[in-house]
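Below are the chains, spelled out letter by letter.
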Amino acid sequence: MLAESRLVTIVGPGGVGKTRVALTTASRTAGSYADGPWIVELSNLRDPALLPNTVASVLGLPEQDTRSALDAVLEYLRERQVLLILDTCEHLLDACAALSQAVLRDAPGVTVLATSRQPLDMPGENIFVIGPLPVPEAGWVPAAGGTPAGAGDAVELFTLRASTAAAGFAVTEENAADVVRLCQRLDGIPLAIELAAVQLRTLPLPELVRRLDDRFAVLAGGQPGALPRHKTLRTAIEWSHELCSPAERRLWARLSVFAGAFSLAAAQDVCAEVSIERPDVVSALIGLVDKSVVNLEGDQYRMLDTLREFGVERLAASGELAACQSRHIARYQAMARYFGTHFADDDQIDKYHELRAVHSNLRAALEYALEPEDEAVPGWASGPAVTPGGATVATAVRERWRSGADIASSLYGYWQISGLLGEGGYWLSKAIDRFPETGTERARALVNRGFLRSFQGDVHNALADIEAGTEMALELGDDAVAARGYQHLMLTLTFLGRHDDAAKATEEARARLRACGDRAGELMLIAQYGHLHQLSGRPDECVAVCEKGLAMLGSGTGEQWIRTYLLAVSGFALVHMTGRQDDCDRVLRQALYGKQELGDVIGMAYSLDVLGWLAARTGAPARAAWLLGAAEPLWERGGSLRFSGTAIMEEFHQQAAGRAAAALGAAAYDAEYATGYACVRRLLDAGKDAGALRLEIPLRFGDRVCG
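Residues numbered from 1 in each chain as written. Predicted model: local features only at pLDDT ≥ 70, side-chain atom pairs only at ≥ 80, totals over all residues. Heavy atoms only, no water.

### A few points about the overall build of the protein
Here is step 1: Per the secondary structure count, the protein includes 32 helices and 7 strands.
Here is step 2: Compactness check: the protein gives a C-alpha radius of gyration of 29 Å against a globular reference of 27 Å for 707 residues, within 12% of the reference.
Here is step 3: Each principal axis of the C-alpha distribution contributes one length, and for the protein these read about 90 × 65 × 50 Å.
Here is step 4: In the protein, which comprises 707 residues, the share counted as buried stands at 56%.
Here is step 5: The contacts in the protein between residues at least 6 apart in sequence include a share of 71% that link residues at least 24 apart.
Here is step 6: In the protein, which carries 68 positive and 89 negative side-chain charges, the distance between the mean positions of the two groups comes to 1 Å. (Helix = DSSP H or I, 4+ residues; strand = E, 2+ residues; numbered from the N terminus. Rg over C-alpha atoms; globule rule 2.2 N^0.38 Å. Buried < 20%, exposed > 50% of the residue type's maximum accessible area, 1.4 Å probe, protein only. Contact = heavy atoms within 4.5 Å. Lys, Arg positive; Asp, Glu negative; His and termini not counted. Charge placed at Lys NZ, Arg CZ, Asp CG, Glu CD.)

Have a look at this one:
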C-alpha cells in the first residue's frame with residue numbers, strides 16, 4: 001500500500017499489534033525514504049492543539065519564530081522524502097486528519113502512515129486492517145517437533161510468551177486442547193494472549209484456562225462465547241486485574257496518571273499517599289512488571305496505552321483521581337521550580353536533560369493543572385461543594401491553576417534552551433486566560449511570554465506583554481517579577497533597534513535584579529548588555545562586559561546556557577577587532593561546543609556563522625564558505641530567520657559571503673557551501689534528539705571533507 005498511496009492507516013482494535021506492524025514496516029521500507037522514517041507517538045498527547053508542536057519536536061524543530069508549529073513542520077518537510085508515522089490517532093482524529101491533509105498537500109515527498117482504532121476518514125486514505133491472529137480449530141494437535149516457528153498464529157505467540165514465563169513450556173498433544181481453547185477464548189488478540197501467558201508463572205495451564213472460562217461466563221451472563229470480539233480484550237484485562245494483589249491493583253490505577261515513561265522515584269512520589277507507603281509501591285511495581293502490566297525499559301517504566309486507559313477508569317471509580325493528579329502536578333512543579341530558581345547553577349545541564357526526559361509528564365502536569373473549572377478536579381464538579389480535603393471546589397481549582405501558572409513560568413529557561421518557544425507560549429497563554437484579573441500569576445506569565453516572543457522575533461507583541469506585566473508587577477509590589485520585566489524589556493528594545501531606550505532599561509533592570517538577589521537574571525542581563533554594545537559599534541565595551549559576566553560565573557562553572565551566550569556575544573565583537581582573531585576563534589568554538597551539549601541549534605548557528613565571518617576576514621575563503629553553509633540548516637532547523645532578522649548582523653553575514661565568493665569564484669564557493677550544508681543536515685537528520693549533534697569542523701577544505 002505504501003508503494004501505491006501517500007496515506008495509509010493501519011486500523012484494528014486495541015491490543016492487536018498496530019504499532020508493532022508500523023514499526024516493522026518503517027524498518028523494512030526505510031531505504032525507500034531518503035530522509036528516513038520519523039515516528040510520532042501520540043498516545044500521551046491529550047490536547048489536539050499541540051499536535052503540530054509534537055511533530056515539530058520529533059523532527060527536532062525548535063519553535064523560534066512567529067510562524068505556527070504547523071508552518072514550521074510543512075517548511076521542513078517540503079523538500080524532503082520522509083515516512084511520517086502518526087502512532088495512535090484515535091483520540092485526535094480531526095487533528096491528525098487536518099495535519100495529514102496539510103502535509104500531503106504541501107510536502108510531495110512525504111508519505112503518512114497512521115495507526116488508529118478507526119480510519120481518519122480522509123479522501124485518498126488507504127486502510128490496512130489488522131485482525132487478530134488466527135487460531136487453530138478445536139482438535140488441533142502439534143506436528144512432530146512441536147509448534148512450527150513462523151506459523152504466525154495465536155498458538156505460536158502463546159508458546160513464545162509461555163516459554164519465557166515458565167521455562168521449558170512447550171505445546172504437546174496432552175496440553176494442545178487447553179492452549180487452543182485459551183487462544184480461542186481470547187479471540188487471537190496478541191495483547192490478551194501475552195497477558196494470559198505470563199500467568200503461567202503462578203498457575204498451571206489447566207487452572208489458567210478454567211479461571212479464564214469462569215471469567216468469560218460471568219461477564220456473558222453464563223453464555224460462554226457470547227461476548228462480541230471487541231469486548232474480549234477488556235475482559236482479558238479485567239481478568240488479569242483480578243489476578244493482581246490489592247496493592248498491585250491500586251498501583252495499576254494510580255500509575256495511569258503518568259504520560260509515557262516514569263522512574264521509580266516518580267512512582268513513589270505520585271502513587272504513595274504517605275511516605276510509609278513508598279516501600280509498598282516498590283513491591284507492587286515489581287509485581288506489575290512480572291505480570292507484564294508495566295514494562296521496564298532501562299531504568300524507566302512504561303504502561304501500555306490500553307492498560308493505562310483501564311487504569312484511569314479504575315482510578316476515577318475509586319475517587320482517587322483528583323488526589324493522584326495533584327501529587328503528579330506537585331512532583332513536576334517541584335522540578336520546574338527548582339530549574340527556574342537555580343537556572344544559573346552548576347547542575348543546569350543535568351537538570352535540563354532531566355526535564356527533557358520527562359517532557360510528556362511536564363505537559364501532562366500542565367494539562368491537569370490548567371484545565372477549565374468544570375474539568376480541573378475530576379468528579380468534584382458534579383459532587384459536593386467541598387472536596388475530600390476540606391477545601392471548596394472553587395478554591396481547589398484555583399490552587400491547581402496557580403500550580404500550572406507556576407510550572408509554565410518557572411520553565412522560562414527550559415522553553416528557551418529546548419527551542420520550545422511556541423509550546424511555552426501556549427501554556428503561558430493558558431495561564432493568562434485563567435487569571436484575567438490583576439495578580440502575580442498574570443503579571444509573571446505576561447513577562448515570561450514576552451521573553452519567549454522576543455526570541456521568536458514577535459517583538460511588538462513581546463513589548464506589549466512585557467510592558468503590561470511589568471506595570472502590573474510594580475502595582476502589586478512584586479519586586480522579583482518587575483526586575484525580570486525590566487530585564488526582558490531591555491532585550492526586546494535591543495531587538496527593536498531602540499538602543500538608547502535599551503541602555504536606560506539596563507540600568508533599571510540591574511538595580512532591581514541586584515536588590516532581589518536574582519543572580520541568573522543579572523547574568524542574562526550582562527550578556528544582553530554586551531550584545532547591545534556590539535550592535536552599537538562598541539566592540540571593546542562588549543568584550544569587557546562579557547568578560548565580567550564570565551568572571552561572575554567562575555572558571556569552573558557547570559552552567560552552560562548563559563556562559564555560551566556570553567562567549568558567543570564576545571566572539572561577535574572580537575571578529576571585528578584587530579589582532580584578536582585567535583581569541584575570536586577560541587571563544588566561538590567554546591560557545592559552539594557548549595551549545596551542542598544543550599542541543600541549542602540556534603546558538604550553534606550563531607557560532608558557526610560568525611566563525612565563517614572570521615575565516616573570510618583572515619583569508620580562508622573555502623573555510624568561510626563551508627562554515628556559512630554549515631550554519632544554514634541550523635537556522636532552518638531552528639525555524640528562525642538568520643540572526644532573528646537583526647539587520648546589522650545580516651549585513652556582516654552578507655559581507656563575509658561576498659568576500660569569500662569573490663576570492664573563490666562563484667562555482668567553487670557554492671560547492672564548498674553545499675558541502676558544509678549537507679554535512680550538518682545529515683547530522684541533524686540522523687540525530688532525532690531535539691537537534692543535538694557532534695560537529696567537528698574539518699581541518700581541510702576544498703576536498704569535500706565532512707568532520
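### Focus on the nonpolar core
Here is step 1: With 215 residues, the main nonpolar core has Leu77, Leu84, Phe158 and Leu255 as its most contacted residues.
Here is step 2: Residues contacting phenylalanine 158, with those up to four places away along its chain left out, are Phe169, Val179, Leu182, Cys183, Ile193, Ala197, Leu200 and Leu205.
Here is step 3: By size, the runner-up hydrophobic cluster in this structure holds 11 residues, among which are Leu2, Val8, Ala22 and Ile130. (Core = buried A, V, L, I, M, F, W, Y, C linked by side-chain atoms within 4.5 Å.)

### A look at the pairing of strand 4 (residues 110-116)
Here is step 1: With 7 of 7 residues buried, strand 4 lies mostly within the body of the structure.
Here is step 2: Alternating positions in strand 4 separate into two faces, Val110, Val112, Ala114 and Ser116 on one and Thr111, Leu113 and Thr115 on the other, with burial throughout.
Here is step 3: With 5 bridges connecting them, strand 1 (residues 7-11) and strand 4 associate as parallel partners. The residue of strand 4 that forms the bridge with leucine 7 is valine 112.
Here is step 4: Taken together, strand 3 (residues 82-87), helix 4 (residues 93-106) and strand 4 form a β-α-β motif whose crossover is right-handed. (Pairing = 2+ DSSP bridges. Right-handed = clockwise from strand over helix to strand, strands pointing away.)

### Topic: unusual backbone geometry
Here is step 1: Positioned with a positive phi, threonine 88 is a non-glycine residue whose angle comes to about 75°.
Here is step 2: Position of threonine 88 among the secondary structure elements: in the loop between strand 3 and helix 4.
Here is step 3: Under the relative-accessibility criterion, threonine 88 is labelled buried at 11%.
Here is step 4: Even without being a glycine, aspartate 187 presents a positive backbone phi close to 60°.
Here is step 5: Position of aspartate 187 relative to the elements: it lies in the loop between helix 6 (176-185) and helix 7 (190-197).

### Some thoughts on the packing of helix 16 (residues 359-370) against helix 18 (residues 393-410)
Here is step 1: Between helix 16 and helix 18, the least distance of the axes is 7 Å, while the angle of their chain directions is 145°. Here the hand of the crossing between helix 16 and helix 18 comes out left-handed. Residues Ala365, Leu366, Tyr368, Ala369 and Leu370 of helix 16 form the contact with helix 18, whose participating residues are Arg400, Trp401, Gly404, Ala405, Ile407 and Ala408. (Axes fitted to C-alpha atoms, helices over the stretch in contact; angles between N-to-C directions. Left-handed = near helix turned anticlockwise from the far one by under 90°.)

### Here we look at the packing of aromatic side chains
Here is step 1: Applying the stated rule across the entire model yields 22 aromatic pairs.
Here is step 2: Their ring planes at 20° and their centres at 6.0 Å tell us that phenylalanine 262 and tyrosine 301 sit as a pair that is stacked. You can see phenylalanine 262 sitting in the loop between helix 10 (246-255) and helix 11 (264-271) and its partner tyrosine 301 sitting in strand 7 (residues 300-303), a full 39 residues away along the chain. Here phenylalanine 262 and tyrosine 301 have matching classes, each one buried.
Here is step 3: The rings of Phe339, Phe343, Tyr412, Phe451, Phe455, Phe495, Trp561 and Tyr565 are connected pair by pair, giving a single aromatic cluster.
Here is step 4: A cation over an aromatic ring shows up here: lysine 351 above the ring of tyrosine 338, its NZ or CZ 5.3 Å from the ring centre. (Phe/Tyr/Trp six-rings, centres within 6.5 Å; stacked < 30°, edge-to-face > 60°. Lys NZ or Arg CZ within 6 Å of the ring centre and 35° of its normal.)

### Description of the sheet that holds strand 3
Here is step 1: Strand order in the open sheet formed by 5 strands is 2-3-4-1-5, with parallel pairing between adjacent strands. Looking along the sheet, the strands with just one partner apiece sit at the ends: strand 2 (37-41) and strand 5 (126-129). Neighbouring strand axes in the sheet, compared pairwise and without regard to direction, differ in orientation by 20° on average.
Here is step 2: Helix-sheet contacts for helix 4 involve strand 1, strand 3 and strand 4, and the interaxial angle to strand 4 is about 165°.

In short, the description is geometric, and any link to function would need to be established separately.
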